[in-house]
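Close look at the chain arrangement
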Amino acid sequence: MTRAKLYSLESSGQKRTTVNVSGIEVGKDFALIAGPCSVESEKQTILTAMAVKEAGANMLRGGAFKPRSSPYSFQGLGIKGLKILAKAREETGLPVVTEVIDTRDAGWVSEFADVLQIGARNMQNFSLLKEVGKIGKPVLLKRGMNSTMAEWLDCAEYILAEGNPNVILCERGIRTFETYTRNTLDLSIVPSVKEVSHLPVIVDPSHATGRQSLVEPMSLAAVAAGADGLMIEVHYNPAEALSDKEQTLTPEMFSRAAKKILALRTYITESLNLLS
Ligand code: PEP
Ligand code: MN
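Below you will find a few notes about this structure.

Let's shift gears to the site of ligand 1. All residues in the neighbourhood of ligand 1 are listed as Arg61, Lys66, Pro67, Glu99, Gln117, Gly119, Ala120, Arg121, Lys142, Arg172, His207 and Met231. Arginine 61 is positioned such that a nitrogen or oxygen atom in its side chain is 2.8 Å from an oxygen atom of ligand 1. With respect to ligand 1, the backbone of alanine 120 contributes an N or O atom lying 2.8 Å from an oxygen atom. Alone, ligand 1 offers 290 Å² of accessible surface; in the complex the protein occludes 96% of this. Of the residues contributing to the shell around ligand 1, the split by class is three nonpolar, three polar and six charged.

Spelled out as structure tokens, the structure:
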């Protein structure tokens, strides 16, 4: 007999996992993660962090190590960026989500991060998955842009198998023939994951669409599809952003979107409770 995979609802006895991030129970509490694509400076990160907190975000994102498609693009501030993130956390109280791209950095990135992000391009970096599995901190595992749900869940299994139960899945769009959007947001993956797995799943509408104008509508759609949270790129001045400016919201745009997102989430939760 083969053993049920650790990610499966079967193995959890149909019970859903919540992942505790500094008191936020992801899977029960809605995770609204916002912040810049890249940490660029202390001023940029702290101003943005204060703005997203004010708008209702409960976690801060920001990349200090950037997995860029071109080696000539901005690669991130590295350790300096991590120190800036720690300062932003101190100033705002928001826990920090940041990406780790190399097994050699995992140990010390984890000293600064509250959630270790594994990016789409590293989804199947099995040694990195094992490493963050050993570290034990919450992991945000993005879906690879060319990956099936089964492949994605098997990557989550690598982390779980190391004894780290704190895995949050993140859909960020997949490659299709469409070119108007950066990727195609596969929203059906949200209820699909929930049919087979107990792990929480959030949506990143920024990388999924690549367009500022589409972030709010797809955020609302993700909430309606049952997503446990959202990760949204925000910069205090997107025109100046060193990466992903086309998809990055201003604090004002984020604030308007966040109001609708949180209202819709409350409305859906309350009406579903009434119905059941
Ligand atoms: C990111 O969230 O900073 C990022 C690089 O996204 P992805 O790995 O989904 O491309
Ligand atoms: Mn980005």
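On to the coordination of the manganese ion (ligand 2), then. Within the protein, Cys37 (SG), His207 (NE2), Glu233 (OE) and Asp244 (OD) serve as the donor atoms for the manganese ion (ligand 2), at 2.0 to 2.4 Å. Going along the chain, you hit the donors of the manganese ion (ligand 2) in the pattern C-x169-H-x25-E-x10-D. With a gap of 11 residues between them, glutamate 233 in strand S10 (residues 229-233) and aspartate 244 in the loop between S10 and helix H9 (251-275) connect regions that are remote in the sequence. Residues glutamate 233 and aspartate 244 agree in their burial class; the two are buried.

Turning our eyes to something else, we now look at the pattern of salt bridges. On inspection of all chains with the given rule, the structure shows 12 salt bridges. A salt bridge links aspartate 114 to arginine 89, with the shortest nitrogen-to-oxygen separation between them at 2.7 Å. A residue pair is termed long-range when its members are at least 10 positions apart, and aspartate 114 in the loop between helix H3 (103-112) and strand S6 (115-118) and arginine 89 in helix H2 (residues 79-92) qualify at 25 residues. The class of arginine 89 is partly exposed, set by a relative accessible area of 24%. Across the pair aspartate 204 and lysine 142 runs a salt bridge, and its minimum N-O distance is 2.6 Å. Of this pair, aspartate 204 sits in the loop between strand S9 (201-203) and helix H7 (205-209) while lysine 142 sits in strand S7 (residues 139-142), and the two are 62 residues apart along the sequence. For the pair formed by aspartate 204 and lysine 142, the shared burial category is buried.

Another aspect to go through is the environment of lysine 259. For lysine 259, the position within the fold is in helix H9. In this structure lysine 259 comes out as exposed when scored by relative accessible area, which is 57%. In sequence terms lysine 259 and glycine 56 are 203 residues apart; their C-alpha atoms lie 7.8 Å from each other.

Okay, the pairing of strand S5 (residues 96-99) next. The two faces of S5 match: Val96 and Thr98 on one face and Val97 and Glu99 on the other face are all buried. The handedness of the strand S4 (residues 59-61) to S5 crossover, carried by H2, is right-handed. Relative to S6, S5 runs parallel, the two sharing three bridges. Residue valine 97 lies in a different strand from S6, and its bridge partner there is valine 115. For the segment spanning S5, H3 and S6, crossover handedness is right-handed.

So, how was this worked out
- Residues numbered from 1 in each chain as written.
- Chains lettered and ligands numbered in written order.
- Predicted model: local features only at pLDDT ≥ 70, side-chain atom pairs only at ≥ 80, totals over all residues.
- Heavy atoms only, no water.
- Near = heavy atom within 4 Å.
- Polar contact = N/O pair within 3.5 Å; in protein donor to acceptor, adjacent residues only side chain to side chain.
- Areas by Shrake-Rupley, 256 points an atom, 1.4 Å probe, with all protein chains shown as cover.
- Nonpolar A, V, L, I, M, F, W, Y, C, P; charged D, E, K, R; others polar.
- Donors = N, O, S within 2.8 Å, 3.2 Å for Na, K, Ca; no water.
- Helix = DSSP H or I, 4+ residues; strand = E, 2+ residues; numbered from the N terminus.
- Buried < 20%, exposed > 50% of the residue type's maximum accessible area, 1.4 Å probe, protein only.
- Salt bridge = Lys/Arg side-chain N within 4 Å of Asp/Glu carboxyl O.
- Right-handed = clockwise from strand over helix to strand, strands pointing away.
- Pairing = 2+ DSSP bridges.

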